[in-house]
Amino acid sequence: MTDQLRGELLDIALEAAQRAGELLRDGRPADLGVAATKSSPVDVVTEMDIAAEKLITGFLAERRPHDGILGEEGADSAGTSGVRWVVDPIDGTVNYLYGLPNWAVSIAAEVDGETVVGVVHCPPRAEVYWAVLGEGSWRNGERVRCRPAPALDQALIGTGFNYTLRLRTAQAELVRQLLPRVRDIRRSGSAALDLCDVGGGRLDGYYERGTNPWDYAAGDLIAREAGAVTGGRPGEPAGPGLVIAASPGVFEELQPLLDELGAWRG
Ligand code: IPD
Ligand code: CA
Ligand code: CA
């Protein structure tokens, strides 16, 4: 992959995220309601999720008509160029619905199946994170690095809960066991921002079971390029079964502990 292609993909991802962010910030109806539900009654979609995905996929198709696109709200095309975009138009929809600030537009570009660019834009925080494979991570143009690792019992760990009852019941049991062994737990409501916050030094680690590529593709690259380690169960890459991201020393302790406690169950 050439530097020119990497630069082009980054510019396009940044512009798409910027445009969708403006639509979401300025166009949010005061009486915003739920348009549909998906995996469970609490897994909601608003008209703005759909409008933002439409804007992003239209923009990407105009700029790079031969690329594939996978979007949470239904976009799914293979493309012929070897490039695929992985898009979550709003990561943190429940926060967006309630008017809470932790939501973001997440866009990743893969080349031949490998994520090479990640952009996560959070208008309410006036922050855009981005990363390019092998080149580092930035927040609003400033290089970011993950935090120096504390011992696990001093670590601030983010997590999230799946929308399905079966998984969230198992996740509640896991948190019960993990909480006494760490500094504290945060549940922000946006997996993409949790991963960025590991990269940006605002969390020591993050884990979650049951997320999808659109939740973690961009944020995983941003965390890794900021010096964090990411993965799944021991020996496995991050994936829907489990995503873990943490400063290197925290990761070493957190990954085996999560495995022992059964973070992959449910
Ligand atoms: C959700 C958020 C949340 C995580 C869920 C995701 P959505 O994405 O990232 O933090 O816990 O697993 O599904 O539904 O807001 O796009
Ligand atoms: Ca999401
Ligand atoms: Ca979403």
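Calculation notes
Residues numbered from 1 in each chain as written. Chains lettered and ligands numbered in written order. Predicted model: local features only at pLDDT ≥ 70, side-chain atom pairs only at ≥ 80, totals over all residues. Heavy atoms only, no water. Helix = DSSP H or I, 4+ residues; strand = E, 2+ residues; numbered from the N terminus. Rg over C-alpha atoms; globule rule 2.2 N^0.38 Å. Buried < 20%, exposed > 50% of the residue type's maximum accessible area, 1.4 Å probe, protein only. Contact = heavy atoms within 4.5 Å. Areas by Shrake-Rupley, 256 points an atom, 1.4 Å probe, with all protein chains shown as cover. Lys, Arg positive; Asp, Glu negative; His and termini not counted. Charge placed at Lys NZ, Arg CZ, Asp CG, Glu CD. Donors = N, O, S within 2.8 Å, 3.2 Å for Na, K, Ca; no water. Axes fitted to C-alpha atoms, helices over the stretch in contact; angles between N-to-C directions. Parallel < 35°, antiparallel > 145°, perpendicular 65-115°, else oblique. Left-handed = near helix turned anticlockwise from the far one by under 90°. Nonpolar A, V, L, I, M, F, W, Y, C, P; charged D, E, K, R; others polar. Domains from an automatic or database assignment. Buried area = accessible area lost by both parts, 1.4 Å probe. Salt bridge = Lys/Arg side-chain N within 4 Å of Asp/Glu carboxyl O. Polar contact = N/O pair within 3.5 Å; in protein donor to acceptor, adjacent residues only side chain to side chain. Pairing = 2+ DSSP bridges. Near = heavy atom within 4 Å.

Draft legend 1. Looking closely at the overall build of the protein. Across its full length, the protein holds 7 helices and 15 strands. Since a compact globule built from 266 residues should have a radius of gyration of about 18 Å, the 17 Å found for the protein is in line with a globular shape. Taken over the C-alpha atoms alone, the protein extends approximately 50 × 45 × 30 Å along its principal axes. Looking at the 266 residues of the protein, the share that counts as buried comes to 54%. When contacts within the protein are restricted to residue pairs at least 6 apart in sequence, those whose partners lie at least 24 apart make up 62%. Looking at the protein as shown, the accessible area adds up to about 11400 Å², and 50% of this sits on carbon and sulfur atoms. Seen as two clouds, the 26 positive and the 39 negative side-chain charges of the protein have centres 4 Å apart.

Draft legend 2. Looking closely at the coordination of the calcium ion (ligand 3). Coordination of the calcium ion (ligand 3) by the protein comes from E72 (OE), D88 (OD) and I90 (O), over a distance range of 2.2 to 2.3 Å. We note that the donor set of the calcium ion (ligand 3) lies within a single chain, spaced as E-x15-D-x1-I.

Draft legend 3. Layout of the packing of helix α4 (residues 165-178) against helix α7 (residues 248-261). As a packed pair, α4 and α7 sit with axes 10 Å apart at the nearest point and diverge in direction by 125°. Between α4 and α7, the crossing angle belongs to the class labelled oblique. Read as a crossing pair, α4 and α7 show a hand that is right-handed. In this structure, α4 contributes L174, Q177 and L178 to the contact, and α7 contributes L254, L257, L258 and L261. Here the residues of the contact of α4 with α7 are counted per class, giving 6 nonpolar, 1 polar and no charged.

Draft legend 4. Just the domain arrangement of the protein, in detail. Split into domains, the protein comes out as domain 1 (3-144) and domain 2 (152-261). For domain 1 and domain 2, the distance between their C-alpha centres works out to 21 Å. Counting residues at the interface gives 40 residues for domain 1 and 25 residues for domain 2. Among the residues of domain 1 in contact with domain 2, D91, V120 and Y129 are the three that bury the most area, contributing 19% of the side total. For the pair domain 1 and domain 2, the number of links is 2 salt bridges. For the pair domain 1 and domain 2, the number of links is 14 residue pairs in polar contact (both at pLDDT 80 or more). The set of elements that each furnish at least two residues to the side of domain 1 that touches domain 2 consists of β3 (68-71), β5 (83-91), α3 (93-98), β6 (104-111), β7 (114-122), β8 (127-132) and β9 (136-139). The greatest single-element share of the side of domain 1 that touches domain 2, amounting to 7 residues, is contributed by β7. Grouping the constituent residues of the side of domain 1 that touches domain 2 by class yields 20 nonpolar, 12 polar and 8 charged.

Draft legend 5. Representation of the sheet that holds strand β10 (residues 142-143) within the structure. Taken in spatial order, the 8 strands of this open sheet run β4-β3-β5-β6-β7-β8-β9-β10, and their pairing is mixed. Unpaired on one side and paired on the other, β4 (76-77) and β10 mark the two borders of the sheet. Inspection of the sheet shows β8 paired to β9 by 4 bridges, in the antiparallel sense. Its bridge partner lying in β9, A131 is registered against S137.

Draft legend 6. Spotlight on the site of ligand 1. Residues in close proximity to ligand 1 total 16 residues, the closest being D91, G92, T93, Y163 and E208. Between ligand 1 and D88, the relevant distance is 3.3 Å, taken from an oxygen atom to a side-chain nitrogen or oxygen of the residue. The backbone of A191 places a nitrogen or oxygen atom 2.9 Å from an oxygen atom of ligand 1. Sort the elements by how many residues they give to the shell around ligand 1 and β5 lands first, with 3 residues. The class makeup of the residues in the shell around ligand 1 is 4 nonpolar, 6 polar and 6 charged.

Draft legend 7. Representation of the environment of Q4 within the structure. With respect to the secondary-structure elements, Q4 resides in helix α1 (residues 3-26). On the basis of relative accessible area, Q4 is assigned to the exposed category, the value being 67%. Distance from Q4 to R265, taken between C-alpha atoms, is 43 Å for residues 261 residues apart in sequence.

Draft legend 8. Molecular detail of the sheet that holds strand β11 (residues 156-159). Taking strand neighbours across the sheet as the criterion, the 5 strands line up as β12-β11-β13-β15-β14 in an open arrangement whose pairing is mixed. The sheet terminates laterally at β12 (184-186) and β14 (229-231), the two strands that pair on one side only. Taken pair by pair, the neighbouring strands of this sheet meet at an average axis angle of 20°, ignoring direction. Taken together, the 3 bridges between β14 and strand β15 (residues 243-246) define a ladder with antiparallel strand orientation.

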